[in-house]
Amino acid sequence: MSVHSPRRPAQALMPNWPMVPDWSDLVARFESMPPWTSMGGHTIRVEENLDADRYTVRAELPGVDPAKDVDISVREGQLTIKAERSEKKEERTRSEFRYGSFYRSMLLPKGADEDAIDATYSDGILTVSIPLTASSSQERHVEVKKMSRQ
């Protein structure tokens with residue numbers, strides 16, 4: 001007699017209630033999500049480009065007022081873009097609205113000049129440009145000294 005029983009198919013406890021998915025399915029779905037995906041679906045899509053002298057981030061932010069709704073900050077080598085959008089459409093008999101907060105953070109490459117960041121907004125695209133300075137850290141070899149026993 002085996003101590004393992006065959007897996008039974010999931011059955012709804014109440015016929016009109018939706019079935020609860022298997023926990024292993026939920027965990028697999030959660031683990032397959034990219035780390036930048038928020039649970040509410042409010043993400044900022046970005047493109048990053050790293051050239052020899054400039055790091056550029058282009059963020060898709062349609063429908064925002066960059067002067068009021070966008071905040072860009074830099075702290076300890078990390079660039080953070082935050083935005084908030086609210087939109088309301090009214091017709092004669094009904095109205096619709098959309099709103100949400102969005103944010104995205106990314107690590108800056110070595111040599112990024114945090115004091116010289118430039119940001120522009122055009123046609124729903126925010127472009128953040130950061131010049132890169134020559135990195136002062138070069139490879140250096142350390143001599144290993146042999147210690148004599150005393």
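Residues numbered from 1 in each chain as written. Predicted model: local features only at pLDDT ≥ 70, side-chain atom pairs only at ≥ 80, totals over all residues. Heavy atoms only, no water.

A. Layout of the overall build of the protein. In terms of helices and strands, the protein carries two helices and seven strands. By the burial criterion, 17% of the 150 residues in the protein qualify as buried. In the protein, the share of contacts with a sequence separation of at least 24, taken over all contacts with a separation of at least 6, comes to 46%. Of the roughly 13400 Å² of accessible surface on the protein, 50% is carried by carbon and sulfur atoms. (Helix = DSSP H or I, 4+ residues; strand = E, 2+ residues; numbered from the N terminus. Buried < 20%, exposed > 50% of the residue type's maximum accessible area, 1.4 Å probe, protein only. Contact = heavy atoms within 4.5 Å. Areas by Shrake-Rupley, 256 points an atom, 1.4 Å probe, with all protein chains shown as cover.)

B. Spatial organisation of the environment of asparagine 49. Positionally, asparagine 49 belongs in strand S1 (residues 46-50). The sequence separation of asparagine 49 and serine 129 amounts to 80 residues, and the corresponding C-alpha distance is 9.5 Å. Excluding residues within four positions of it along the chain, asparagine 49 makes contact with Arg54, Tyr55 and Thr56.

C. The arrangement of the pairing of strand S2 (residues 54-60) in detail. Of the pairings in the sheet, the one linking S1 to S2 comprises five bridges and is antiparallel in character. Its bridge partner lying in S2, asparagine 49 is registered against threonine 56. Of the pairings in the sheet, the one linking S2 to strand S7 (residues 125-131) comprises seven bridges and is antiparallel in character. Along S7, the bridge assignment pairs valine 57 with valine 128. (Pairing = 2+ DSSP bridges.)

D. Quick look at unusual backbone geometry. Even without being a glycine, glutamate 76 presents a positive backbone phi close to 50°. Topologically, glutamate 76 is positioned in the loop between strand S3 (70-75) and strand S4 (78-90). A relative accessible area of 73% means that glutamate 76 is categorised as exposed.

E. Structural view of the sheet that holds S2. Within the open sheet, the four strands sit side by side as S1-S2-S7-S6. Their pairing is antiparallel. Because the sheet does not close on itself, it has two edges, and the strands there are S1 and strand S6 (118-122). On average, each strand axis in the sheet is tilted by 15° relative to the strand beside it, whichever way the strands run. (Axes fitted to C-alpha atoms, helices over the stretch in contact; angles between N-to-C directions.)

F. Region of the structure containing the confidence of the model for the protein. Of the residues in the protein, 69% reach a pLDDT of 70 or more, and the chain-wide mean stands at 78. Of the regions scoring below 50 in pLDDT, residues 34-41 engages in six contacts with residues more than four places distant in sequence or in other chains. (pLDDT = per-residue confidence, 0-100.)

G. Focus on the nonpolar core. Among the nonpolar cores identified, the biggest contains 17 residues, and Tyr55, Val57, Leu61, Leu79, Ile81, Leu126 and Val128 are the most heavily contacted of them. Where this core is concerned, the elements lending two or more residues are S2, S4, strand S5 (95-107) and S7. Apart from residues lying up to four places away in sequence, isoleucine 81 is in contact with Ile44, Val57, Ala59, Leu61, Asp71, Phe102, Tyr103, Arg104, Met106, Leu126 and Val128. (Core = buried A, V, L, I, M, F, W, Y, C linked by side-chain atoms within 4.5 Å.)

H. Quick peek at the pairing of S6. Where S6 and S7 come together, five bridges link them in antiparallel fashion. When the sheet's bridge partners are listed, serine 122 is paired in S7 with isoleucine 125.

I. Structural detail: the side chain of serine 129. When you line up the elements, serine 129 lands in strand S7. We classify serine 129 as buried; its relative accessible area is 13%. Within the structure, serine 129 has its side chain in polar contact with the side chain of arginine 54 (distance 2.6 Å). In contact with serine 129, not counting residues within four places along its chain, are Arg54, Tyr55, Thr56, Ala116, Ile117 and Asp118. (Polar contact = N/O pair within 3.5 Å; in protein donor to acceptor, adjacent residues only side chain to side chain.)

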